[in-house]
Amino acid sequence: MTRIYLLLILILTSCFQKIEKKEIANIIPNPQNIIYKTGSFNLNSDTGINYDSLFLSEAKYLQNQLPFKLNGNKNSIILKKNINLLEEEYFLYISKKNIIIEAATGKGQMHGIQSLIQLLPNKYKELKDIVTPCVEIHDFPRFKWRGMLLDCCRHFMDKEFIKRYIDLLAYHKMNILHLHLTEDQGWRVEIEKYPKLTEIGAWRNNKNGEKYGGFYTKKDLIEIIKYAQIRHVEIIPEIELPGHSVAAIASYPQLSCTGKSIEVENDWGVFKDIYCAGNDSVYTFLENVLTEVIEIFPSKYIHIGGDEAPKFRWKECVKCQQKIQSQNLKDEHELQSYFIKRIEKFIESKGKKIIGWDEIIEGGIAPSATIQSWRGMEGGVIAAQNNHEAIMSPTSHCYFDYDLEAIDLKKVYSFEPIPKGLTNEQSKYIIGGECNMWSEHAPQETIDSKVFPRILAISEVLWSKKEKNFNEFKKRVDKHYKKLDVLGVKYGYEKTPIKINSTVLNHQFQIEIEKGDNDMDIEYSLNNGLWEKYTNAFLIDTSVIINVKEVNSKRKFPAKKSLTLNHHLALGKKTKYLTNFDKNYPGQGSLTNGVSGNNTNFRDGQWQGFFGKDVEVIIDLEEETTFSKVQTSFFQYHLSWIIIPQKVEILTSKNGEEFKKIQTINHKSDPMKEGKFIKDFIFTQKQKTRFIKIIAKTYGNLPMEHPAAGSKSWTFIDQIIIE
Ligand code: ACM
Ligand code: ZN
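Computed from a predicted model, the values in this text were never measured in an experiment.

Conventions we followed
Residues numbered from 1 in each chain as written. Chains lettered and ligands numbered in written order. Predicted model: local features only at pLDDT ≥ 70, side-chain atom pairs only at ≥ 80, totals over all residues. Heavy atoms only, no water. Helix = DSSP H or I, 4+ residues; strand = E, 2+ residues; numbered from the N terminus. Rg over C-alpha atoms; globule rule 2.2 N^0.38 Å. Buried < 20%, exposed > 50% of the residue type's maximum accessible area, 1.4 Å probe, protein only. Contact = heavy atoms within 4.5 Å. Areas by Shrake-Rupley, 256 points an atom, 1.4 Å probe, with all protein chains shown as cover. Pairing = 2+ DSSP bridges. Donors = N, O, S within 2.8 Å, 3.2 Å for Na, K, Ca; no water. Tetrahedral: all angles 85-135°; square planar, octahedral: opposite > 155°, others 65-115°. pLDDT = per-residue confidence, 0-100. Axes fitted to C-alpha atoms, helices over the stretch in contact; angles between N-to-C directions. Phe/Tyr/Trp six-rings, centres within 6.5 Å; stacked < 30°, edge-to-face > 60°. Lys NZ or Arg CZ within 6 Å of the ring centre and 35° of its normal. Core = buried A, V, L, I, M, F, W, Y, C linked by side-chain atoms within 4.5 Å. Salt bridge = Lys/Arg side-chain N within 4 Å of Asp/Glu carboxyl O.

**Points about the overall build of the protein chain**
Looking only at helices and strands, the protein chain features 18 helices and 32 strands. Computed over its C-alpha atoms, the radius of gyration of the protein chain comes to 30 Å, within 12% of the 27 Å expected for a compact globule of 723 residues. Considering the protein chain as a whole, with its 723 residues, one finds that 56% of them fall into the buried category. Once local pairs closer than 6 in sequence are excluded, the contacts in the protein chain between residues at least 24 apart make up 71%. For the protein chain, the exposed surface amounts to about 31500 Å²; the carbon and sulfur share of it is 49%.

**A look at the pairing of strand β19 (residues 498-505)**
Examined bridge by bridge, β19 and strand β20 (residues 508-515) share 8 bridges and lie antiparallel to one another. Following the sheet pairing, Thr503 is matched in β20 by Gln510. Counted between consecutive antiparallel strands, the loop separating β19 from β20 contains 2 residues, among which Asn506 sits at a positive phi close to 50 degrees.

**Structural notes on the coordination of the zinc ion (ligand 2)**
For the zinc ion (ligand 2), the protein coordination sphere consists of Cys257 (SG), Cys276 (SG), Cys317 (SG) and Cys320 (SG), at 2.3 Å. Taken together, the 4 donor atoms coordinating the zinc ion (ligand 2) span angles of 107 to 113 degrees at the metal, a pattern that classifies the geometry as tetrahedral. When the donor residues of the zinc ion (ligand 2) are listed from N- to C-terminus, their spacing reads C-x18-C-x40-C-x2-C. Remark: Cys317 occurs in the loop between α9 (312-316) and α10 (318-326) and Cys276 occurs in the loop between α7 (246-251) and α8 (280-296); sequence separation between them is 41 residues. For the pair Cys276 and Cys317, a shared accessibility class is recorded, and that class is buried.

**A short note on the confidence of the model for the protein chain**
This prediction gives the protein chain a mean pLDDT of 94; 97% of its residues lie at or above 70. Of all secondary-structure elements in the protein chain, the lowest mean pLDDT belongs to helix α1 (residues 3-24), at 47, while strand β8 (residues 176-180) reaches the highest, 99. In the model, residues 6-22 has pLDDT below 50 throughout and makes 7 contacts with residues more than four positions away in sequence or in other chains.

**With respect to the environment of Lys495**
By the secondary structure assignment, Lys495 is in the loop between α18 (470-486) and β19. The exposure class of Lys495 is partly exposed, given its relative accessible area of 43%. Sequence spacing of Lys495 and Lys515 is 20 residues, and the spatial spacing of their C-alpha atoms is 9.2 Å. Setting aside its immediate chain neighbours within four residues, Lys495 contacts Leu404, Asp408 and Gly516.

**Structural notes on the sheet that holds strand β4 (residues 90-94)**
Strand order in the open sheet formed by 6 strands is β1-β6-β4-β5-β3-β2, with mixed pairing between adjacent strands. For this open sheet the edge positions go to β1 (33-43) and β2 (47-51), each flanked by a neighbour on one side alone. With strand direction ignored, the average angle separating the axes of adjacent strands in the sheet is 25 degrees. Here β4 runs beside strand β5 (residues 99-103); their pairing, made up of 5 bridges, is antiparallel. Its bridge partner lying in β5, Tyr93 is registered against Ile100. With respect to the sheet, helix α2 (residues 56-65) is in contact with β2 and β3 (73-81), its orientation differing from that of β2 by roughly 160 degrees. Helix α3 (residues 106-119) contacts β3, β4, β5 and β6 (130-139) of the sheet and is inclined by roughly 35 degrees relative to β4.

**Brief notes about unusual backbone geometry**
With omega at 0 degrees, the peptide bond leading from Ile28 into Pro29 counts as cis. Of note, Pro29 is situated in the loop between α1 and β1. For the bond from Phe452 to Pro453, the omega torsion is 5 degrees, close enough to zero to count as cis. Among the structural elements, Pro453 can be located in the loop between α16 (444-451) and α17 (454-463). Backbone geometry at His244 places phi at a positive 50 degrees, although glycine is not the residue there. Inspection of the secondary structure assignment puts His244 in the loop between β13 (234-241) and α7. With relative accessibility at 3%, the residue His244 sits in the buried group.

**Here we look at the packing of aromatic side chains**
By convention here, two paired aromatic rings are described through the distance between centres and the angle between planes. Under the defined criterion, the tally for this structure stands at 35 aromatic pairs. Both rings, one in Tyr275 and one in Phe285, keep their centres 6.2 Å apart while their planes meet at 50 degrees; by these two values the pair is tilted. Of this pair, Tyr275 sits in the loop between α7 and α8 while Phe285 is found in helix α8, placing the two residues 10 residues apart along the sequence. Across this residue pair, the class does not change: Tyr275 and Phe285 are buried. Among the aromatic residues, ring-to-ring pairing joins Tyr585, Phe602, Trp607, Phe611, Phe635, Tyr637, Trp714 and Phe716 into one connected group. The residue whose ring lies beneath Lys173 is Trp463, and the NZ or CZ to ring-centre distance is 5.7 Å.

**Observations regarding the sheet that holds strand β22 (residues 532-533)**
Reading across from one edge, β22-β21-β24-β25 is the order of the 4 strands in this open sheet, with antiparallel pairing throughout. Every other strand in the sheet has two partners, leaving β22 and β25 (560-565) as the edge strands with one partner each. Bridge count for strand β21 (residues 521-526) against strand β24 (residues 544-551) is 6 bridges, and the pairing is antiparallel. Pairing of Asp521 across the sheet is with Val551, part of β24.

**Some details on the nonpolar core**
By size, the foremost hydrophobic cluster in this structure holds 116 residues, and its most contacted members are Leu150 and Ile455. Among the elements that line this core, the one with the most residues is α8, at 9 residues. When residues no more than four places from it in sequence are discounted, the contact partners of Ile455 are Met148, Leu169, Met174, Phe400 and Cys435. Counting residues in each nonpolar core, the second largest holds 31 residues, with Ile27, Tyr90, Leu116 and Ile130 among its members.

**Some details on the pattern of salt bridges**
Tallied over the full model, the rule gives 37 salt bridges. Among the ionic pairs, Arg142 bridges to Glu416, the shortest N-O distance being 2.9 Å. Placement of Arg142 in the loop between β6 and β7 (145-151) and of Glu416 in the loop between α14 (409-413) and α15 (424-427) is noted, with a sequence separation of 274 residues between them. Linked through salt bridges whose partners overlap, the residues forming this network are Lys159, Glu160, Lys163, Asp220 and Glu223.

**Here we look at the environment of Ile721**
Within the secondary structure, Ile721 sits in strand β32 (residues 714-722). Accessibility expressed as a relative area gives 11% for Ile721, which makes it buried. Separated by 58 residues in sequence, Ile721 and Gln663 have C-alpha atoms that sit 16 Å apart.

Next up, the structure:
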């Protein structure tokens, strides 16, 4: 062979090797170390398995994953014990000769098996001869707590669905399934001593008249737990107290401060009827419930909730006030702390530890509680500074019920569970994190589309090295979808799939539709007319409803979006704010951009929120203009403390200095009126002027009967339309 040929062969083989390397580097979460080898191993019916007796269960699991029996050469797959490794650490060696997985425990062994499975071809279950590339992987997790919360209360999730999620968690090396089992809207765990909890508490009358609910029997739960144990996923039960307890109180009204009978809640939010903290029989009830829960769930930790417990009833309750006196407590926050500490003591007497949401810090943290930080990272910081374990699940990155506009794949991937400012010693108390799948707006069949692909990012945040590269991750995600397809995962989008951007240019709307993914096909229609393919930005000079949808989608829930635009005299005109809107609800910083807020979603980015103050704005029409109508809208959702104003005034001025009131509209606001709705305020009076001032009076403090009694309220305002 000539030298030139040799060189060519060398170049070609090195190219092929490079391609091969790229092809195989596809495990999520990314392993700590991978060394690529040349060649491959063939798994087929000639393959046999040899395992240390410690790994009997894992060997069976692996066998069950494969499409043929492992009855061949016993030394081709070896599950080996290596006591020098950490609990979840493993080595996976795939050579041309055999596959060896070394681990100290079943957990480590299971992780090795999952990496092996992810290395197999996507459709390996259809093959008789599976080719797997040769690699050496050394792997272990960054954090020991890698969790997901499933809220099976707001929407019930059936047993098979939960098992499927256990599989999906194990596949991505997530090791905690936090089951939120009790809520205002439903009690989901059978308790023998209190049968009404599931006879009454598991069922609600939905607003559409349907009876909705369900629960898990002890037998169901034991089956789920066994299933999880085989896959080394631990189930943590959450029994909420003292708040979020309406379903329990609906079952046994004597548990509340008033003793009055109430119904299982059918709305979302925070409710004022909570367990009475002054009544010792409430503690007896909870201890009996927890005793049965502890009998079912073998986990070391029991989650006791502790979030969002309004103190309104306790303030009014003779028994609660007596308890505050007799225990020398300062206030209702200390009463909550007393409540939690008393429950903690009981749980510890059973050899278990408690986890609580970060509110349990207020009024004094229970001596050995683990804190789950959700209102930001602060709860976790305080916990760690005080030598308490913390689990990080801030709403900013970990709430998978939130829209992609707020939390997309990249944002989740950027999550760093260890907050800045902790010492190395304190950082050790951050044991990991959880993604939370609250289900108010997510029935079971939509959960996949919210959890995936975002959970891929959290799995990597919690398992892999701190130093990560989103673009590299994204390449693996792209390939991972094929595996998810085989697993039947109905994943959603990585980022907002459709954004309709409207800009006002020379008193016209310039409409641009932004796609979340270049491969998407988008169509739009104007005023419910014909659908057209979208290609380029366009201009519109009238009021219009724009509907946009994805066509030819492979998603179960293809994206769609609509936007209502109002073309009016004040479009694009300057607004001067005499009071400031809240920075979390800026509504694009404009009340004259022509875009209407959504009828049911005050978080759509268009509504502007003012907390505890009047809305006072001046619109400058730039020249004296004749108009006969001014319209503005306000949102109400009393469970988010957003109340329609009781009075809105309109004033006008020719010079922007002296204003004259031209009309006042009074409104009888009801701060307890349920649901999400809008109220339009319409002023009609022909005028010629330049400046228009709108003053919307805040409702003020929430009344006694409101769950957040005494707190300031929000005012949410939309477009100011002038015609
Ligand atoms: C929570 O989201 N209320 C813990
Ligand atoms: Zn009470």
